[in-house]
Amino acid sequence: APAIGVLALQGDVREHVAALTGAGARALPVRRPGELAAVDGLVIPGGESTTISKLATAFGLLEPLRERVRAGLPVYGSCAGMIMLADKILDPRSGQETVGGIDMIVRRNAFGRQNESFEAAVEVAGVPGGPVQGVFIRAPWVESIGAAAESIAAYEGHSVAVRQGPLLATAFHPELTGDHRVHALFADMVRAAR
Ligand code: GLN
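Residues numbered from 1 in each chain as written. Predicted model: local features only at pLDDT ≥ 70, side-chain atom pairs only at ≥ 80, totals over all residues.

## Focus: the site of the ligand
Argument step 1. Contacts to the ligand come from Gly46, Gly47, Glu48, Ser49, Cys79, Ala80, Ile83, Arg108, Asn109, Ile137 and Arg138.
Argument step 2. Residue composition of the shell around the ligand, grouped by class: 4 nonpolar, 4 polar and 3 charged. (Near = placed C-beta within 6 Å. Nonpolar A, V, L, I, M, F, W, Y, C, P; charged D, E, K, R; others polar.)

Structure (structure tokens):
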């Protein structure tokens, strides 16, 4: 099985490790550049994107991450991870950097305060077997998307999942549902890239 790392700086790392394992992948935490160099794919978890950005810089991971993404590393980001994969944030906090790679602009906390958390069934192109239960927690949405990227799911008229080559991003958290189909899609992408 391919080795899929989970960026373990902040956020729901354990849930992604469990979901990847459930999808038949070998999952391991990544905190150091040497660990990043050893994986065939990477998940950037949900959490808080400014914190993940600052810790990635402090741990010397931001540039190595950008380099591996440029070199074609498959990466899946959920929620804060989606923000980390965006080429641009509409409303970044000061000093907030992204890894980038997906030709899109994201809006943080887009669904608003009174709706900080909700669930909705979302049809995701490329995920067979019916809609996935989308868990949205202070979720971003995709404000605009470039020609290189493809929206693969929408909710109330806003794109909430995107794919661009070996990069996958969802505004919601399939790692919290026990349904491993999105992680299985990503594991397939990692296998295809190897
Ligand atoms: N709103 C958070 C951020 O900006 C993301 C929330 C999440 O990952 N559940 O990073």
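The rest of the description comes next.
## Some points on the environment of Ala19
Argument step 1. Looking at where Ala19 falls in the secondary structure, it is placed in helix H1 (residues 13-22).
Argument step 2. Since 29 C-beta atoms lie within 10 Å of it, Ala19 is described here as buried.
Argument step 3. Residues Ala19 and Arg181 lie 162 residues apart in sequence; the distance between their C-alpha atoms is 9.0 Å.
Argument step 4. Ignoring any residue separated from it by four or fewer positions in sequence, one finds Ala19 in contact with Pro174, Glu175, His180 and His183. (Helix = DSSP H or I, 4+ residues; strand = E, 2+ residues; numbered from the N terminus. Buried ≥ 20, exposed ≤ 12 C-beta atoms within 10 Å, placed from the backbone. Contact = placed C-beta atoms within 7 Å.)

## Thoughts on the nonpolar core
Argument step 1. Ile4, Leu42, Leu85, Val160 and Ala171 are the most contacted members of the largest nonpolar core, which has 63 residues in total.
Argument step 2. A per-element tally of this core places helix H6 (residues 181-193) first, with 6 residues.
Argument step 3. Excluding anything up to four places from it in sequence, Ile4 contacts Leu20, Ala25, Arg26, Ala27, Val39, Asp40, Gly41, Leu42, Val43, Ala187 and Val190. (Core = buried A, V, L, I, M, F, W, Y, C linked by C-beta atoms within 7 Å.)

## Topic: the UniProt feature "binding site: L-glutamine" (unreviewed entry) in the protein chain
Argument step 1. UniProt's feature table lists "binding site: L-glutamine" (unreviewed entry) at Gly47, Glu48, Ser49, Arg108, Ile137 and Arg138, given in the numbering used throughout. For this annotated set, covering 92 residues, all C-alpha atoms fall within 12.7 Å of each other, a compact arrangement in space.
Argument step 2. Position of Glu48 relative to the elements: it lies in the loop between strand E3 (41-44) and helix H3 (49-58).
Argument step 3. In this view, Glu48 contacts Gln10 and Ala80; residues no more than four positions away in its chain are not counted.
Argument step 4. Within the element layout of this structure, Ile137 appears in strand E8 (residues 132-137).
Argument step 5. Classification of Ile137 as partly exposed rests on a count of 19 C-beta atoms within 10 Å.
Argument step 6. For Ile137, the contacting residues outside a window of four places in its chain are Gly46, Cys79, Glu116, Ser117 and His173. (UniProt positions renumbered as here; feature names shortened; annotations may be inferred.)

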